[in-house]
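A structural walkthrough
Here is how the chains run, residue by residue.
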Amino acid sequence: MFGNIDSAFSAQNLEMLALLLPILIVSMVLHEMAHGYVANRLGDPTARMLGRLSPNPVRHIDPMGSAMFAISWIASGGTFLFGWAKPIPVQPRFFNHPQRDFAITAIAGPLTNIAVAYVLGLVLSLTGLVMIGPGDQLYSVGDPTLIDRVLVQAFLLNIWLAIFNMIPIPPLDGSRVVAAFMPRQMAEAWSRLDQYGMFILMGMIFFFRPLLAVVSGLTDPIATFLLKLAGA
């Protein structure tokens, strides 16, 4: 996970980070806005009343979460990226069907990342930057520029973030989906694990590498599917 100090602070690595960050921030803002918009449509006005349906990044950026994007990218030598935005406040008591509607609200975020990835896939397809070879292997065409590599990375990272968020462990979105199938009391106990969310996430990243390998392994098939859908 951690690269050597030379590659971590190389000019190319830092340039890539500087260009990736704005795209990732927009992706995270759209992710959180999707949660808030769907929650509002299902009866919970909390996010709307707090101004969290705004596209203004300031309303969504978590300073530590944004810093983690840079720290993880630099520490890994440009091979791993992890961070977060401020979670959208959701109050299931406003929903007609709390567990079901909370799950629908949760899944809206990862689906938005997939939508962003599809748009980026369209760009990659129309510009011919990425092709699908034999065995559905992805490969770059020609000698990609820095901008080309940023687009490819942003495309793959949005897919990675969608899959990662669907891991069924609190406080990730996938835990809300799992909770929809639990008895009410069990779901309430499950949701209380959110208070330990930061520790759970850090433990996953540093001690459960096989789980991250599974997430990464699912990224390529989904990327291939989206590129085919985009006409690559």
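Residues numbered from 1 in each chain as written. Predicted model: local features only at pLDDT ≥ 70, side-chain atom pairs only at ≥ 80, totals over all residues. Heavy atoms only, no water.

1. Observations regarding the overall build of the protein chain
When its secondary structure is counted, the protein chain shows 10 helices and two strands. Taken from the N to the C terminus, the helices and strands of the protein chain come in the order α-α-α-α-α-β-β-α-α-α-α-α. In terms of C-alpha radius of gyration, the protein chain reaches 18 Å, essentially the compact-globule figure of 17 Å for 232 residues. The dimensions of the protein chain, computed from C-alpha atoms along their principal axes, are 55 × 40 × 35 Å. Considering the protein chain as a whole, with its 232 residues, one finds that 42% of them fall into the buried category. When the accessible surface of the protein chain is totalled, it reaches about 12000 Å², and 68% of it is carbon and sulfur. (Helix = DSSP H or I, 4+ residues; strand = E, 2+ residues; numbered from the N terminus. Rg over C-alpha atoms; globule rule 2.2 N^0.38 Å. Buried < 20%, exposed > 50% of the residue type's maximum accessible area, 1.4 Å probe, protein only. Areas by Shrake-Rupley, 256 points an atom, 1.4 Å probe, with all protein chains shown as cover.)

2. As for the packing of helix α2 (residues 11-41) against helix α5 (residues 98-127)
Relative to each other, α2 and α5 sit at 145°, their axes nearing to 8 Å. You can see that α2 and α5 cross each other, and the crossing is right-handed. Touching S27, L30, H31, A34, H35, V38 and A39 of α2 are I104, T105, A106, A108, G109, P110, T112, N113 and V116, all from α5. (Axes fitted to C-alpha atoms, helices over the stretch in contact; angles between N-to-C directions. Left-handed = near helix turned anticlockwise from the far one by under 90°. Contact = heavy atoms within 4.5 Å.)

3. A look at the packing of α2 against helix α6 (residues 146-165)
Two packed helices can be described by the angle between their axes and the distance between those axes. It is the contact of α2 with α6, at a shortest axis distance of 9 Å, that shows an interaxial angle of 45°. As the angle between them shows, α2 and α6 are arranged oblique. In this structure, the crossing between α2 and α6 has a hand that is right-handed. Contacts from Q12, E15, M16, L19, L20, I23, L24, S27, M28 and H31 in α2 reach L146, I147, R149, V150, Q153, A154, L157, N158, L161 and N165 in α6. A class-by-class count of the residues in the contact of α2 with α6 yields 12 nonpolar, six polar and two charged. (Parallel < 35°, antiparallel > 145°, perpendicular 65-115°, else oblique. Nonpolar A, V, L, I, M, F, W, Y, C, P; charged D, E, K, R; others polar.)

4. Describing the side chain of S72
Structurally, S72 can be placed in helix α4 (residues 63-75). A distance of 3.2 Å separates a polar atom in the side chain of S72 from the backbone oxygen of F69. Excluding residues that lie within four positions of it along the chain, S72 makes contacts with F80, L81 and F82. (Polar contact = N/O pair within 3.5 Å; in protein donor to acceptor, adjacent residues only side chain to side chain.)

5. Overview of the nonpolar core
Of all hydrophobic cores here, the largest spans 40 residues; its most connected members are L20, F82, L124, F155, I159, W160 and F164. Only α2, α4, α5, α6, α9 (197-207) and α10 (209-229) provide two or more residues apiece to this core. The greatest single-element share of this core, amounting to 10 residues, is contributed by α6. Among all residues touching W160, those that are not within four sequence positions of it are F80, L81, L212, V215, S216 and T219. (Core = buried A, V, L, I, M, F, W, Y, C linked by side-chain atoms within 4.5 Å.)

6. Looking at α5
Since the α-helix packs 3.6 residues into each turn, any two residues three or four apart lie on the same face. Its 30 residues place the ends of α5 44 Å apart at the C-alpha level, agreeing with the 44 Å of an ideal helix rising 1.5 Å per residue. Within α5, the axis deviates most sharply at G109, by approximately 25°, and proline P110 lies no more than four positions further along. The positive-phi residue at the C-terminal boundary of α5 is G128, with phi of around 70°. (Expected span 1.5 Å × (residues − 1). Bend = angle between axes of the 7 residues up to and from the residue.)

7. As for the pattern of salt bridges
All told, the structure shown has two salt bridges when counted by the stated rule. Of the charged contacts, one joins R100 and D101 as a salt bridge, the two residues approaching to 2.9 Å between their closest N and O atoms. A residue is classified by how much of its surface remains accessible, and R100, at 45% relative accessible area, is partly exposed. Here D194 makes a salt bridge to R176, at a shortest N to O gap of 2.7 Å. In this pair, D194 sits in the loop between α8 (184-191) and α9 while R176 sits in helix α7 (residues 173-179), placing the two residues 18 residues apart along the sequence. Of the residues examined, R176 reaches a relative accessible area of 15% and is grouped as buried. (Salt bridge = Lys/Arg side-chain N within 4 Å of Asp/Glu carboxyl O.)

8. Describing α2
Taking 1.5 Å of rise per residue, the 31 residues of α2 would be expected to cover 45 Å, and the 45 Å separating its terminal C-alpha atoms lies within 8% of that figure. Of all the bends found along α2, the most pronounced is centred on L20 and spans about 30°, while P22, a proline, follows it within four residues. Following α2 by one or two positions, G43 adopts a phi angle in the positive range, close to 115°.

9. What about the packing of aromatic side chains?
Across all of its chains, the model carries one aromatic pair by this definition. When the ring of W160 is compared with that of F164, the centres are 5.0 Å apart and the planes differ by 10°; the resulting orientation is stacked. Separated by four residues within a single helix, W160 and F164 lie in helix α6, roughly one turn from each other. For W160, a relative accessible area of 9% puts it in the buried group. (Phe/Tyr/Trp six-rings, centres within 6.5 Å; stacked < 30°, edge-to-face > 60°.)

10. Digging into the environment of I104
Tracing the chain through its elements places I104 in helix α5. Apart from residues lying up to four places away in sequence, I104 is in contact with V38 and L42.

Keep in mind that these numbers describe shape and distance, not what the molecule does.
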